[in-house]
Amino acid sequence: MIAKSSTYVVMGILNTDSIAYAAGRLIESLGGKVIWTAQNERMKKIFFDRGCKDLSDEQKAAMDFRYCDVTVQEEVEALFASTGPIDGVLHSIAYANPKTCLGGEVLFTEATEDVLQGFHISAASLATVANYAVPQMKEGGSIVTLSFEGQRPFPFYNWMGVNKAALEAVVKALARNYGKDRVRVNAVSAGPLTTKAASSIPYFEHLSKTWEQISPLPWDTVKDKEEVAGAVVFLLGAFAKKITGQTLFVDGGAHFIGGTLMDFEKPAAGEA
Ligand SMILES: NC(=O)c1ccc[n+]([C@@H]2O[C@H](COP(=O)([O-])OP(=O)(O)OC[C@H]3O[C@@H](n4cnc5c(N)ncnc54)[C@H](O)[C@@H]3O)[C@@H](O)[C@H]2O)c1
């Protein structure tokens, strides 16, 4: 549970479709305080200030926004120097150049700089964040990140799938490091959700359709963002006090299914 006086840094909000937004709003609804971070001011202006028509200017102005590009160590350091004591962090961040690292028929690219950039942003940055966030969690705390199927290669997901496998390994390494500080580190592995990041995955539609074949529970690529946010908040809060180094699947059960569902096993169409 989220304590009323707690403070969480929620990193990776682009717009109100972002998983980070759903998780941050849930924290607030339970009485926690949220410090939101966007990658930079320009992106916030374009995607959030101008792009989000579902919030009023007053609602936007009421949010405590900071900027932090996770590939710039000084920015991560400055962010956590500015927050004061915190109870946890959500790292909801990933990027890989869709032209060179996503899509394509085989796992190959000549653009090795793009591969390294994708790894830096999507996996290694969790360690940078932890390094500067943990000293602000003097009473212990929780770090949660977002994964997608780090153990099974999916078509078109290519280098991002490799990055997610690496991210889940980083989670375990950090959980080991920071247990002594009473800081837990976990991932939530979510099924496909409609967001800006997802829109840059070639054939995202194909991935969504795949879920109809492999998810024993009904999966809604829009509404189930709330269910993912619920699991994030569970891991951030005290009910998960002895859970660390884990990847919690919130994917309708798709990750454990052998083969595809038979017709008689599928949830009825339109069921949520
Ligand atoms: N949408 C899905 O289907 C899905 C499923 C499972 C996991 N995830 C993961 O959830 C996380 C959030 O993605 P989302 O779907 O909410 O999309 P999103 O586009 O709303 O969020 C991605 C965020 O990453 C940020 N980012 C990229 N590079 C950055 C950098 N250098 N520094 C700081 N921030 C940077 C972007 O600005 C953006 O806010 C990602 O890790 C994504 O891989 C998404």
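An account of the accompanying structure is given in this report. (Residues numbered from 1 in each chain as written. Predicted model: local features only at pLDDT ≥ 70, side-chain atom pairs only at ≥ 80, totals over all residues.)

### Overview of the overall build of the chain
The helix and strand tally for the chain stands at 10 helices and 7 strands. Taken over C-alpha atoms, the radius of gyration comes to 18 Å for the chain, in line with the 19 Å a tight globule of 272 residues would show. Based on the C-alpha atoms only, the size of the chain along its principal axes is roughly 50 × 45 × 45 Å. For the chain, the residues scored as buried account for 43% of the 272 residues in total. Pairs at least 24 apart in sequence give 78% of the contacts found in the chain among residues at least 6 apart. (Helix = DSSP H or I, 4+ residues; strand = E, 2+ residues; numbered from the N terminus. Rg over C-alpha atoms; globule rule 2.2 N^0.38 Å. Buried ≥ 20, exposed ≤ 12 C-beta atoms within 10 Å, placed from the backbone. Contact = placed C-beta atoms within 7 Å.)

### Regarding the environment of Asp 54
Of note, Asp 54 is situated in the loop between α2 (41–50) and α3 (57–61). On the basis of neighbour counts, which here come to 9 C-beta atoms within 10 Å, the residue Asp 54 falls in the exposed class. As for Asp 54 and Thr 16, which are separated by 38 residues in sequence, their C-alpha atoms are 7.9 Å apart.

### Brief notes about the pairing of strand β2 (residues 33–38)
Consecutive side chains of a regular strand alternate in pointing toward one face of the sheet and then the other. Burial runs high along β2: 5 of the 6 residues are buried. As a crossover connection, the stretch from strand β1 (residues 7–11) through helix α1 (residues 19–29) into β2 is right-handed. The pairing of β2 with strand β3 (residues 64–67) spans 4 bridges and is parallel. Note on β3: the bridge partner recorded for Ile 35 is Asp 64. (Right-handed = clockwise from strand over helix to strand, strands pointing away. Pairing = 2+ DSSP bridges.)

### A short note on the sheet that holds strand β7 (residues 247–250)
Here 7 strands make up an open sheet; going across it, the order is β3-β2-β1-β4-β5-β6-β7 and the pairing parallel. Lying at the two open borders of the sheet, with one neighbouring strand each, are β3 and β7. Taken pair by pair, the neighbouring strands of this sheet meet at an average axis angle of 20 degrees, ignoring direction. Strand direction decides the pairing type here: strand β5 (residues 141–147) and strand β6 (residues 183–190), joined by 7 bridges, are parallel. Following the sheet pairing, Val 144 is matched in β6 by Asn 186. Most of the contacts of helix α6 (residues 112–133) go to strand β4 (residues 88–91), to which it runs at about 165 degrees, and overall it touches β1, β4, β5 and β6. (Axes fitted to C-alpha atoms, helices over the stretch in contact; angles between N-to-C directions.)

### Regarding the site of the ligand
Looking at the ligand, there are 26 residues lining it, with Ser 18, Ala 94, Leu 146, Thr 195 and Ala 197 nearest. Listing elements by their share of the shell around the ligand, those giving two or more residues are α1, β5 and α8 (196–199). Each residue belonging to the shell around the ligand can be placed in one class, and the counts come to 17 nonpolar, 7 polar and 2 charged. (Near = placed C-beta within 6 Å. Nonpolar A, V, L, I, M, F, W, Y, C, P; charged D, E, K, R; others polar.)

### Focus: unusual backbone geometry
One non-glycine residue, Phe 156, lies in positive phi territory at about 75 degrees. Locating Phe 156 in the fold gives a position in the loop between β5 and α7 (158–178). Classification of Phe 156 as partly exposed rests on a count of 17 C-beta atoms within 10 Å. Of note in this structure, Asn 158 is not a glycine but carries a positive phi near 35 degrees. As for its placement among the helices and strands, Asn 158 is situated in helix α7. For Asn 158, a count of 26 C-beta atoms within 10 Å puts it in the buried group.

### Observations concerning the packing of helix α4 (residues 73–83) against α6
Remark: α4 packs on α6, axes separated minimally by 9 Å, with the N-to-C direction vectors making an angle of 35 degrees. Remark: the crossing between α4 and α6 carries right-handed chirality. Taking contact as the criterion, the partners of Gln 73, Val 76, Glu 77 and Phe 80 in α4 are, on α6, Thr 128, Val 129, Tyr 132 and Ala 133. A breakdown of the residues in the contact of α4 with α6 according to their chemical character gives 5 nonpolar, 2 polar and 1 charged. (Left-handed = near helix turned anticlockwise from the far one by under 90°.)

### Here's the deal with the environment of Val 70
The residue Val 70 is located in the loop between β3 and α4 in this model. Apart from the residues within four sequence positions on either side, Val 70 is in contact with Val 76, Ile 93, Ile 121, Ser 125, Thr 128 and Val 129.

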